[in-house]
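What the coordinates show
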Amino acid sequence: MFSQATLGLACALITVLSWAAAFPLIGVALSGLDPLPLAAVRFTLAACPAVIWLAIKRPEMPKLVDLARLGLGGALGISIYNWLLNTGQQTVSPGAASFIINTLPIWTAMLATVFLRDRFGIGAWIATAVSFSGVVLIAVGQPGPMRFGNGSSLILLASMLSATYFVLVRGVIARYGPATCTCWTLITGALWLTPWLHDGMAQISVASVSVISAVLFLGLVSASLGYATWSIAIGHFGPASAANFLYLVPPIAVVLAWTLNGITPDILTLIGGAVAITGVVMLRISMARSARKATA
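So, here's what we can say about the structure. (Residues numbered from 1 in each chain as written. Predicted model: local features only at pLDDT ≥ 70, side-chain atom pairs only at ≥ 80, totals over all residues. Heavy atoms only, no water.)

**Considering the packing of helix 2 (residues 35-57) against helix 3 (residues 64-88)**
Contact geometry of helix 2 with helix 3 gives a least axis separation of 8 Å together with a crossing angle of 130 degrees. Classified by the angle between their axes, helix 2 and helix 3 sit oblique to one another. In terms of crossing hand, the pair formed by helix 2 and helix 3 is right-handed. When helix 2 is examined against helix 3, the residues P35, L36, L38, A39, R42 and F43 are found in contact with a partner set consisting of I78, N82, W83, N86 and T87. Across the contact of helix 2 with helix 3, the residue classes tally to seven nonpolar, three polar and one charged. (Axes fitted to C-alpha atoms, helices over the stretch in contact; angles between N-to-C directions. Helix = DSSP H or I, 4+ residues; strand = E, 2+ residues; numbered from the N terminus. Parallel < 35°, antiparallel > 145°, perpendicular 65-115°, else oblique. Left-handed = near helix turned anticlockwise from the far one by under 90°. Contact = heavy atoms within 4.5 Å. Nonpolar A, V, L, I, M, F, W, Y, C, P; charged D, E, K, R; others polar.)

**Looking at helix 4 (residues 94-101)**
Counting buried positions over the eight residues of helix 4 gives eight, a clear majority of the element. Every buried residue of helix 4 is accounted for by P94, G95, A96, A97, S98, F99, I100 and I101. (Buried < 20%, exposed > 50% of the residue type's maximum accessible area, 1.4 Å probe, protein only.)

**Re the nonpolar core**
Membership of the largest hydrophobic core comes to 55 residues, with the highest contact counts inside it found for L38, L85 and V215. By residue number, the principal contributor to this core is helix 1 (residues 4-29), which donates 11 residues. Among residues more than four places away in sequence, those in contact with L38 are I26, A29, L30, L33, N86, V215 and L218. Listed in part, the 23 residues of the second largest apolar core include A46, L54, C181 and I187. (Core = buried A, V, L, I, M, F, W, Y, C linked by side-chain atoms within 4.5 Å.)

**So, the pattern of salt bridges**
Per the counting criterion, the structure on display carries one salt bridge. In this structure, the salt-bridge partner of R175 is D66, at a minimum N-O distance of 2.8 Å. Taken as a pair, R175 in helix 7 (residues 151-176) and D66 in helix 3 lie far apart in primary sequence, 109 residues in all. (Salt bridge = Lys/Arg side-chain N within 4 Å of Asp/Glu carboxyl O.)

**A closer look at empty space enclosed by the protein**
Scanning the model with the defined rule gives one cavity of 30 Å³ or more in all. What the largest cavity holds in volume is close to 40 Å³. As for the largest cavity, its lining consists of S93, G95, A96, V254, A257, I263, T264 and P265. Elements that contribute at least two residues to the lining of the largest cavity include exactly helix 4 and helix 12 (249-261). Here the lining of the largest cavity is built from residues that sort into five nonpolar, three polar and no charged. (1 Å grid on protein atoms, 1.4 Å probe; cavity = no way out; pocket = protein on both sides within 12 Å on 5 of 7 lines; lining within 4 Å. Points joined across faces, edges and corners; volume = space filled by probe spheres on them.)

**Examining helix 10 (residues 209-237)**
Taken as a whole, helix 10 carries its principal kink of about 35 degrees at G226. G238 sits one or two positions beyond helix 10 and adopts a positive phi of about 90 degrees. (Bend = angle between axes of the 7 residues up to and from the residue.)

**Section: a nonpolar patch on the surface**
Among the surface-exposed residues, L9, L13 and L248 lie close enough to one another that they form a single nonpolar patch of about 230 Å² accessible area. Inspection of the secondary structure assignment puts L9 in helix 1. (Patch = residues over 30% accessible without salt bridge, like charges linked within 9 Å, V, L, I, M, F, W, Y side chains within 5 Å. Areas by Shrake-Rupley, 256 points an atom, 1.4 Å probe, with all protein chains shown as cover.)

Any link to function would need more than the numbers given here.
Structure follows, in structure tokens:
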């Protein structure tokens, strides 16, 4: 039997690897499916284990108002998020996309100051400026002009929507636990995408083996297993400590994109990614200091 520490570490690493692999595999899947049909098929697959888990475990049913928040979270954090990410990755490299998405803590902290009255001092604003400058460098290195609607801006908006989801459901997760809330989010996200499921099934029926394999991995491993192991990792390490593992996602995504897709990142992506992640680290240090001062 594994110890709790070993299990927590293993689950964190499984999550990191499965989420890092998602970026290059989205690129593979997009060669056979359009962005919205891809999202529909992926999260229909991911929702099936979630339904089974809820049926077996029978956790407390969320109250109607909480279920509505999870449903809105499914629309923002699953449906629209994946539409934007998939569309953005049609022109943005997997490594660049992973660096932009991982500015998520910046936007989460900013939204929490507005809606949850969290503290956001001068150090946090400096960290935000550093991280955003990294995103700008990444965007400069991608194809197409720098304007709203290009790939980089869509992926940045996806990261902001994901942050909105986490702020929206933070209280709900505290009441029902991350596993239960993740299941309901995956299910409602899949339901929002059902109008595009028919097109997705039609496109995947004539897709290559590599595309089908990529979609299966994205649905059953990156989404379903990845979120399940992340719930266990959060339960063991706590949200703040577990989040440190996510710094590994972008560099692993870059390596996997080079290995699987033959995509070598340009120098601006590497520099911009390093700057963006540095800003996220600076933010976490600033917020931790503010929290210690508040409790002193």
